[in-house]
Amino acid sequence: MRSFKRYTVAEFKGYIRRVRVRRPISHIQIHHTWRPRKSDYQGERTIRAMYHYHTQTRGWRDIAQHFTVAPDGCIWDGRSLEMDPAGIAGHNQGGLMFEMIGNFDRGEERLEGVQLHAVTHAVAACLERFGLTHDQIVFHREHAAKTCPGSSISKPWFIGQVRRAAGGQQVTSSQTGIKDISAQPSTGRVRSASSAGAWSGEILRRGDRGAKVRDLQRLLAERGYQPGPIDGIYGPLTEAAVRRAQRDLHIAVDGIAGPQTYRALTRR
Ligand SMILES: [Zn+2]
């Protein structure tokens, strides 16, 4: 059975810096899977299912994409880098293809948190490695009557996130991930909320208020799970952000923040 290799963001950066590719790389393609959704993700089984679909049903030589970025922030390898991808009909020559697991059409799932961190850092590393500029990032929809990589993702916003990842500038909520947080510049913002915070895993739930809720909201925002205003009120937006983080981090999804959620959000 075809097996796939899984990288953390830090491992991916090391790999891409060293890898040799004889084929000229002229652009980077960004796609979303649409199906499977983020909520369908089951690790390597999901990657194998895509491989099976691409090779058996579609009759392609290999899985379409070079890299798949999972909701939990890991990056799977795929098609040989020496082969053009099967990503955009008529526009694959010289392409390096990233597939993000999820349905990022408006009103569906969100590109955020550890997955956003992973894709932006991986794309930034590839731009640097292959001497490309941000103009050489291509969204599937630029060449097809599709919304891919999802109508909720604007290209200027995405490129801004890649720039931030490349620059290692001030840590913002949308670029902070967990997998290789040590690679992030250490800023007062990160320290103040995660170590000096009053919340250390006590049970918090919808309707709660106060400083501990505010700490939870800050932590969610730092990890890229927008909880709405940092107002110390555990309302529907905070609860939804907790659920999305719990889903990504593979812990019980109940919308209640307790010790397990605390440990997952503060893991280094
Ligand atoms: Zn696509």
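Look up a bit, the structure's there.
Rules behind the numbers
- Residues numbered from 1 in each chain as written.
- Predicted model: local features only at pLDDT ≥ 70, side-chain atom pairs only at ≥ 80, totals over all residues.
- Heavy atoms only, no water.
- 1 Å grid on protein atoms, 1.4 Å probe; cavity = no way out; pocket = protein on both sides within 12 Å on 5 of 7 lines; lining within 4 Å.
- Points joined across faces, edges and corners; volume = space filled by probe spheres on them.
- Helix = DSSP H or I, 4+ residues; strand = E, 2+ residues; numbered from the N terminus.
- Nonpolar A, V, L, I, M, F, W, Y, C, P; charged D, E, K, R; others polar.
- Domains from an automatic or database assignment.
- Donors = N, O, S within 2.8 Å, 3.2 Å for Na, K, Ca; no water.
- Buried < 20%, exposed > 50% of the residue type's maximum accessible area, 1.4 Å probe, protein only.
- Core = buried A, V, L, I, M, F, W, Y, C linked by side-chain atoms within 4.5 Å.
- Contact = heavy atoms within 4.5 Å.
- Pairing = 2+ DSSP bridges.
- Axes fitted to C-alpha atoms, helices over the stretch in contact; angles between N-to-C directions.
- Parallel < 35°, antiparallel > 145°, perpendicular 65-115°, else oblique.

When its volume is computed, the largest pocket comes out at roughly 500 Å³. Lining the largest pocket are 19 residues, with His32, Thr33, Glu99, His140 and Lys146 sitting closest to its centre. Those elements that place two or more of their residues in the lining of the largest pocket are β2 (27-32), α2 (44-57) and β5 (95-100). For the lining of the largest pocket, the element with the most residues is α2, which contributes 3 residues. Its residues placed into classes, the lining of the largest pocket shows 8 nonpolar, 7 polar and 4 charged. Of the pockets and cavities examined, the second largest pocket occupies roughly 230 Å³. Considering the residues around the second largest pocket, the lining is formed by 13 residues, among which Lys38, Ser39, Glu109, Arg247 and Asp248 are closest to the centre. Each of domain 1 (6-167) and domain 2 (186-266) contributes no fewer than three residues to the lining of the second largest pocket.

Moving on, we come to the coordination of the zinc ion. Listed as protein donors to the zinc ion are His31 (ND1), His140 (ND1) and Cys148 (SG); their distances from the metal cover 2.0 to 2.2 Å. Sequence positions of the donors to the zinc ion reduce to the motif H-x108-H-x7-C. On the criterion of sequence distance, the pair formed by His31 in strand β2 and His140 in the loop between β6 (137-139) and α4 (155-167) is long-range, its members being 109 residues apart. Take His31: its relative accessible area is 3%, and that puts it in the buried class.

Glancing now at the nonpolar core. Core analysis: the biggest nonpolar cluster contains 37 residues, and Phe12 and Phe98 have the highest contact counts within it. Counting residues per element, the ones that place at least two in this core are α1 (9-18), β2, β3 (67-69), β5, α3 (113-129), β6 and α4. Ranked by residue count, the leading element in this core is α3, at 9 residues. Filtering out sequence-adjacent residues up to four positions away, Phe98 remains in contact with Phe12, Ile28, Gln29, Ile30, His31, Phe67, Val69, Ala122, Val123 and Cys126.

It is worth spelling out the pairing of β2 at this point. The buried fraction of β2 amounts to 6 of the 6 residues, a majority that puts the element mostly inside the structure. Of the two faces of β2, the one carrying His27, Gln29 and His31 and the one carrying Ile28, Ile30 and His32 are both buried. By the bridge criterion, 6 bridges tie β2 to β5 in an arrangement that is parallel. Bridging across to β5, His31 finds its partner in Glu99. Pairing geometry for β2 and β6, over 3 bridges, is parallel. Within the sheet, the bridge partner assigned to Ile28 lies in β6 and is Ile137.

This brings us to unusual backbone geometry. Of the consecutive residues Arg35 and Pro36, the connecting peptide bond is found in the cis state with omega at 0°. Turning to its location among the elements, Pro36 is positioned in the loop between β2 and α2. Following Cys148, the chain continues to Pro149 via a peptide bond in cis, the omega torsion being 10°. With respect to the element layout, Pro149 can be found in the loop between β6 and α4. The backbone phi angle of Trp34 is positive, close to 65°, even though this residue is not glycine. By the element assignment, Trp34 lies in the loop between β2 and α2. Residue class for Trp34 comes out partly exposed when judged on its relative accessible area of 44%.

As a further point, take the packing of α3 against α4. Relative orientation of the contacting elements α3 and α4 amounts to 70°, with a least axis distance of 8 Å. With respect to α4, the element α3 is oriented roughly perpendicular. Mapping the contact onto sequence places Leu116, Val119, Thr120, His121, Val123, Ala124 and Leu127 in α3 and Trp157, Phe158, Gln161, Val162, Ala165 and Ala166 in α4. Broken down by class, the residue content of the contact of α3 with α4 amounts to 10 nonpolar, 3 polar and no charged.

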